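Structure assessment
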Amino acid sequence: MAFSTALSGSLFIGSVPLQAEAADAPPPSPQTQSLGGGPEPQIQLPDELMVDVRAQREEMRRIAISETLIIQAQKNFDYVAPLAQNDYSRGLLSLQSRLTGTLLSQGGNPNVHDRVVFLDPVQFDTARALGMEPQNAVRALLALAKATADDAQVDALADHMSTGRYDLRYDLATTTQDPAAIYNSEKMTAQACVVVPSSDYMPIVIPGITAAERVDFTNRHEGWHCLDTRYLLQGLNLKGATENITTAEVLASPDLLKGMSLTTRKESLADVGAVGDMIRQEGKGLEFLDAIRDWRRGQARDVSHMSVLVLQGLRDAITGMGGVEAFRAMDEKKMEDFYFAINERYGMQPKAYEYALRLDAASESMRGSLTRAFGGTQEFDKAVAFRALYTQPQAAGPAFTDKLTPQEQATLRTVTAFDARKKLEDEAFKANGKITPATLIAAYGRMQGRFQEELARNPDNTTTPALMGKLQGVFVQDLTHIDYLATNAKRGVNLVNVEPSLAAFRTPYKPGEPQAARHNRNNTSTPKP
């Protein structure tokens, strides 16, 4: 089922073959067919043709009813989208509020950010299920938050919110989030910093910590990009900063060199802030810090996120002050300055970044000359240590095999047997006594919320993420393709009689009755679904 381009200014695309108003158009008499305008004679159609006509009319009526429900949900997106919110959604709102409060309490920066906004995955799924393209889904969520972003930022947010994933083991095609903070790096006026959060069911894998901790750390890391009001990229000419840029080009451009060193320090600050806050606010210990540090050490090719030196510096500082209890006792107002001081001391300043690049480009003999000339200085020694991290040999990843393990075979059987569409409809009907787009949206949020709880209880269970992915795919793909009249009738409910937005379909058209009269008889308000 497609959507109407006649919705002027709408975020929805496509075309509606029959809109809600089509139900108000007087159909031909059920027994006769007019040959022209005016009071011309009527002729009787053969019974076999009337059967086909009645079937077509009923099909058109069903389509009109389903499209009326979809259009109603589209028009009331600001009402129906929050119906999908679950505990993960509420956790994001809580973190969003905390970060915005921190940003404002520290004075912020009028040239960077004035608030933090997290995009909610289940509300994004709701927008997609109602027919929005990813970019328009992002715009709809920003509108709910009363925030804006330019087209380039919207494109980036859409890409990160709808990262495609295909699981060969279970033949599941889904989309999920690739965490990111789209922060203000160019404009000289404050705007919202918009965060794409961690996936709730496919979080980044960090050995040694739980799935819930991975999600929390990731979201705090991205949130700290929004709190960062010191490492500013405004005013730098970074147009040449591409993946294919050469070392010589960077060394020849002070702006590129400064921009790359700033980017690396922005990432290490986000790690330090996230880890430090989780130790202070969530009761994590130094073993949590060690897990994040060791994970970053294993990401040798991700140079901009190579925060090992800074995380080790944070660990040394905490130990030096007497341990985690002394760290937790520090004044919250001093924490930003403390994190920045750690980052400046151990992070990659432009000079250290320059030394690392020169060591990369130099021959073995030239490296010796550089070491003799600059060795022993803080920035050169930092460059040597930093370069050793990202040039270390890479451990071989697990060999690919298409043979399923016994656990994966059990998961495949469970996923195959999981009738996501039926489960979703049953959940909606049980809670509301009817199945509509709005009740399905609320049911989707509840079901994903229960899956999240199960994943928290059993983080190593590979079945739950697969079921969440299958449910998401069915919800996004099927919401606009359901025959809502038939689906409710199977459960003994005449949807037209119980759904306020379908009031116009309740009274049949009377031959010869003006359309205006019918509208007057059915002039009932249409509340939100």
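You'll find the structure just up there.
Attention in this report is confined to the structure presented alongside it. Here the structure is a predicted model, which is why all the values come from computation and not from measurement.

This brings us to the overall build of the protein. Each helix and strand in the protein was counted, giving 23 helices and seven strands. In the protein, buried positions account for 47% of the 529 residues. If you take every contact in the protein between residues at least 6 apart in sequence, the share linking residues at least 24 apart comes to 69%. Summing over all exposed atoms, the protein offers an accessible surface of approximately 25,200 Å²; the carbon and sulfur share of this is 54%.

Moving on to the pattern of salt bridges. Once their charged atoms are close, side chains differing in charge can pair, the charge on each being opposite to the other. Summed over all chains, the structure comprises 32 salt bridges. Note that Arg62 is salt-bridged to Asp483, the shortest N-O span being 3.6 Å. Taken as a pair, Arg62 in helix α1 (residues 47-75) and Asp483 in the loop between α20 (463-478) and α21 (484-489) lie far apart in primary sequence, 421 residues in all. Across the pair Arg358 and Glu354 runs a salt bridge, and its minimum N-O distance is 2.9 Å. Separated by four residues within a single helix, Arg358 and Glu354 lie in helix α14 (residues 350-361), roughly one turn from each other. A relative accessible area of 35% means that Arg358 is categorised as partly exposed. Of the residues examined, Glu354 reaches a relative accessible area of 16% and is grouped as buried. Salt bridges here are not isolated pairs; linked through shared partners, they connect Arg421, Lys422, Glu425, Asp426, Asp478 and Arg491.

Inspection of the secondary structure puts Gln472 in helix α20. Look past the residues within four positions of Gln472 in its chain and what remains in contact with it is Asp125, Thr174, Thr175, Tyr201, Tyr444 and Gln448.

Our focus in this paragraph is the state of the cysteines. As enumerated under the stated definition, the model contains one disulfide in all. Each sulfur in the disulfide pair Cys193 and Cys226 lies 2.1 Å from the other. Its S-S torsion of approximately -70° makes the covalent link between Cys193 and Cys226 left-handed. A residue pair is termed long-range when its members are at least 10 positions apart, and Cys193 in strand β7 (residues 191-196) and Cys226 in helix α7 (residues 211-227) qualify at 33 residues. By relative accessible area, Cys193 is classed as buried at 0%.

Quick look at the nonpolar core now. Grouped together as the largest cluster of nonpolar side chains are 63 residues, with contacts concentrated most on Phe77 and Tyr484. In terms of residue count, the dominant contributor to this core is helix α19 (residues 437-457) (eight residues). If we ignore the near neighbours within four places in the chain, the residues touching Phe77 are Pro82, Gln123, Thr126, Ala127, Leu130, Met132, Ala140, Leu141 and Leu144. Counting 46 residues, the second-largest nonpolar core is a separate cluster that includes Leu227, Leu233, Val310 and Phe327.

Next up on the list: helix α4 (residues 121-129). A large share of α4 lies buried, amounting to eight of its nine residues. Buried within α4 we find Pro121, Val122, Gln123, Phe124, Asp125, Thr126, Ala127 and Ala129. Here the buried face of α4 lies against α2 (77-80), α3 (87-105), α5 (134-144), α6 (151-161), α19 and α20. Two or three places before Val122, at the start of α4, stands the capping residue Asp120, its side-chain oxygen 3.3 Å from that residue's backbone nitrogen. Backbone geometry just after α4 places Gly131 at a positive phi near 105°.

Each strand in a sheet pairs with its neighbour through backbone hydrogen bonds, running either in the same direction (parallel) or in the opposite one (antiparallel). In space, the three strands of this open sheet follow the order β3-β7-β6, with mixed pairing throughout. At either margin of the open sheet sits one strand with a lone partner, and together these are β3 (113-118) and β6 (180-182). On average, each strand axis in the sheet is inclined to that of its neighbour by 20°, with strand direction left out of account. Strand direction decides the pairing type here: β6 and β7, joined by three bridges, are antiparallel. Paired with Ile182 across the two strands is Val194, which belongs to β7.

This part covers the pairing of strand β5 (residues 172-176). On β5, burial follows the alternation: Leu172, Thr174 and Thr176 on one face are buried, whereas Ala173 and Thr175 on the facing-out side are not. The pairing of strand β4 (residues 163-167) with β5 spans five bridges and is antiparallel. Among the inter-strand pairings, Tyr166 is bridged to a residue of β5, identified as Ala173.

Mapped onto the elements of the fold, Gln96 is located in helix α3. At 2.9 Å, the side chain of Gln96 forms a polar contact with the backbone nitrogen of Phe118. Here Gln96 is in contact with Val116, Val117 and Phe118, once residues within four sequence places are set aside.

Following the criterion strictly, the structure yields eleven aromatic pairs and no others. Summarising the aromatic geometry, the rings of Trp224 and Tyr339 are spaced 5.5 Å apart at their centres and angled 80° between planes, so their arrangement reads as edge-to-face. One end of the pair, Trp224, is in helix α7; the other, Tyr339, is in helix α13 (residues 335-346), with 115 residues separating them in the sequence. Summarising the burial analysis for this pair, Trp224 and Tyr339 share the class buried. Pairing Phe374 with Phe380 gives two aromatic rings, centres 6.3 Å apart and planes at 35°, and the pair type is tilted. A relative accessible area of 30% means that Phe374 is categorised as partly exposed. Put simply, the rings of Trp224, Phe327, Phe338 and Tyr339 touch in pairs and so form one group of aromatic residues. Between the NZ or CZ atom of Lys266 and the centre of the ring of Tyr183, over which it lies, the distance is 4.4 Å.

Calculation criteria
Residues numbered from 1 in each chain as written. Predicted model: local features only at pLDDT ≥ 70, side-chain atom pairs only at ≥ 80, totals over all residues. Heavy atoms only, no water. Helix = DSSP H or I, 4+ residues; strand = E, 2+ residues; numbered from the N terminus. Buried < 20%, exposed > 50% of the residue type's maximum accessible area, 1.4 Å probe, protein only. Contact = heavy atoms within 4.5 Å. Areas by Shrake-Rupley, 256 points an atom, 1.4 Å probe, with all protein chains shown as cover. Salt bridge = Lys/Arg side-chain N within 4 Å of Asp/Glu carboxyl O. Disulfide = S-S within 2.5 Å. Core = buried A, V, L, I, M, F, W, Y, C linked by side-chain atoms within 4.5 Å. Polar contact = N/O pair within 3.5 Å; in protein donor to acceptor, adjacent residues only side chain to side chain. Pairing = 2+ DSSP bridges. Axes fitted to C-alpha atoms, helices over the stretch in contact; angles between N-to-C directions. Phe/Tyr/Trp six-rings, centres within 6.5 Å; stacked < 30°, edge-to-face > 60°. Lys NZ or Arg CZ within 6 Å of the ring centre and 35° of its normal.

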